[in-house]
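# Examining the three-dimensional arrangement
Residue strings, one per chain:
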Amino acid sequence: GNSVTQMEGPVTLSEEAFLTINCTYTATGYPSLFWYVQYPGEGLQLLLKATKADDKGSNKGFEATYRKETTSFHLEKGSVQVSDSAVYFCALSASSSNTGKLIFGQGTTLQVKP
Amino acid sequence: DTGVSQDPRHKITKRGQNVTFRCDPISEHNRLYWYRQTLGQGPEFLTYFQNEAQLEKSRLLSDRFSAERPKGSFSTLEIQRTEQGDSAMYLCASSEQGTGGTEAFFGQGTRLTVV
């Protein structure tokens, strides 16, 4: 079946450090891929998405590229800020069903220290 | 529009009691989803509505769980005879009808604690 695997957390970085959070997926066909973020006390928010191979999603300095050959969608940011501290979820929506149902990874907690 | 709203935000109940949660989606969205999230895990899909029709249910949704969306607007999720294992955050999301890349908007969730 379809699944998403994220790197285990927590990830602790100093401000201005480079961030990578790994995400790989298993799915048939060409799923859509997402990164959602959950800030403390808030609901899940879409951070970025990509809907086809080699697409790059970007938002707020974060980027992720849809790599079909490695079934990956790693999240990167060149210089993190304290305000980026949150839980990050990688997710997919299968192309085989047009329901928009999301399958999530387990989440990665990011803590950025000043 | 203020986004997806869920009520209550927190619920503590005794084992064996019934509970009901409400979700008000973004008004023009015809798709509505319920997810469950336990501590340290990502959300898991429970069920999906398109307008008032419940089109998909996860095997996680035992017969103690029932969801409705009577007029294609708000939705309710009821859990009968609650068990301690039902303790979790219950999330509601809504989206426009579209392709698989359509963004889903989430509410802040209802945290259920069964004691």
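Residues numbered from 1 in each chain as written. Chains lettered and ligands numbered in written order. Predicted model: local features only at pLDDT ≥ 70, side-chain atom pairs only at ≥ 80, totals over all residues. Heavy atoms only, no water.

## What about the overall build of chain B?
- When you go through chain B residue by residue, the secondary structure sums to 0 helices and 11 strands.
- Along the chain direction, N to C, the helices and strands of chain B fall in the order β-β-β-β-β-β-β-β-β-β-β.
- A compact globule built from 115 residues would reach a C-alpha radius of gyration of about 13 Å, and chain B, at 13 Å, matches this within 12%.
- Once the C-alpha set of chain B is aligned to its principal axes, its extents read approximately 40 × 25 × 25 Å.
- About 5800 Å² of surface is accessible on chain B, with carbon and sulfur atoms providing 44% of the total.
- For chain B, the distance from the average site of its 14 positive side-chain charges to the average site of its 14 negative ones is 8 Å. (Helix = DSSP H or I, 4+ residues; strand = E, 2+ residues; numbered from the N terminus. Rg over C-alpha atoms; globule rule 2.2 N^0.38 Å. Areas by Shrake-Rupley, 256 points an atom, 1.4 Å probe, with all protein chains shown as cover. Lys, Arg positive; Asp, Glu negative; His and termini not counted. Charge placed at Lys NZ, Arg CZ, Asp CG, Glu CD.)

## Quick notes on the overall build of chain A
- Each helix and strand in chain A was counted, giving 0 helices and 12 strands.
- For chain A, the sequential pattern of α-helices and β-strands runs β-β-β-β-β-β-β-β-β-β-β-β.
- C-alpha extents for chain A along the principal axes are approximately 45 × 25 × 20 Å.
- The 114 residues of chain A split such that 46% are buried.
- Intrachain contacts of chain A at a sequence separation of at least 6 include 56% that bridge at least 24 residues. (Buried < 20%, exposed > 50% of the residue type's maximum accessible area, 1.4 Å probe, protein only. Contact = heavy atoms within 4.5 Å.)

## A word on the state of the cysteines
- Taken as a whole and judged by the stated rule, the model has 2 disulfides over all chains.
- Two residues share a disulfide in this structure: A:C23 and A:C90, whose sulfurs sit 1.9 Å from each other. Disulfide A:C23 to A:C90: torsion about the S-S bond roughly -70 degrees, handedness left-handed. One end of the pair, A:C23, is in strand β4 (residues 23-26); the other, A:C90, is in strand β10 (residues 86-93), and 67 residues separate them in sequence.
- Here B:C23 pairs with B:C92 through a disulfide, and the sulfurs are 1.9 Å apart. Judged by the sign of its S-S torsion, about -70 degrees, the cystine formed by B:C23 and B:C92 is left-handed. Here the residue B:C23 occupies a position in strand β3 (residues 19-24), and B:C92 occupies one in strand β9 (residues 88-95), the gap between them amounting to 69 residues.
- Its relative accessible area of 0% is what places B:C23 among the buried residues. (Disulfide = S-S within 2.5 Å.)

## As for the sheet that holds strand β1 (residues 5-7) of chain B
Residue and element names in this part refer to chain B.
- Pairing is antiparallel in the open sheet, where 4 strands are placed in the order β1-β3-β8-β7. The open sheet has two edge strands with one neighbour each: β1 and β7 (65-68). On average, adjacent strands in this sheet sit at an angle of 15 degrees to one another, irrespective of strand direction.
- Both β3 and strand β8 (residues 75-79) contribute to a ladder of 5 bridges, which runs antiparallel. Bridging from a neighbouring strand, T20 pairs with E78 of β8. (Pairing = 2+ DSSP bridges. Axes fitted to C-alpha atoms, helices over the stretch in contact; angles between N-to-C directions.)

## Some details on the pairing of strand β8 (residues 62-65) of chain A
All names here are of chain A.
- Looking at chain direction, strand β7 (residues 56-59) and β8 are connected through 4 bridges and run antiparallel. By the bridge assignment, S58 is partnered in β8 with E63.
- Linking two consecutive strands that pair antiparallel, namely β7 and β8, is a turn of 2 residues; a positive phi of about 55 degrees is found at K60 within it.
- In the sheet, β8 pairs with strand β9 (residues 75-77) via 3 bridges, with the strands oriented antiparallel.

## Let's talk about the side chain of A:S85
All names here are of chain A.
- Along the chain, the position of S85 falls in the loop between β9 and β10.
- For S85, the side chain forms a polar contact with the main-chain nitrogen of V112, separated by 2.9 Å.
- Ignoring any residue separated from it by four or fewer positions in sequence, one finds S85 in contact with Y39, P40, L110, Q111 and V112. (Polar contact = N/O pair within 3.5 Å; in protein donor to acceptor, adjacent residues only side chain to side chain.)

## Here we look at the nonpolar core
- Ranked by internal contacts, the top residues of the largest apolar core, which has 27 residues, are A:L19, A:W35, A:L47, A:L48, A:F73, A:L75 and A:Y88.
- Where this core is concerned, the elements lending two or more residues are β2 (11-14), β3 (19-21), β4, β5 (32-38), β6 (45-50), β8, β10 and β12 (108-113) of chain A.
- Counting residues per element, this core draws most heavily on β10(A), at 4 residues.
- If we skip the residues at most four places from it in the chain, A:L48 touches A:L33, A:F34, A:W35, A:G57, A:S58, A:N59, A:F62, A:E63, A:A64, A:F73 and A:L75.
- Within the second largest apolar cluster, 19 residues are counted, among which are B:C23, B:L32, B:A67 and B:V114. (Core = buried A, V, L, I, M, F, W, Y, C linked by side-chain atoms within 4.5 Å.)

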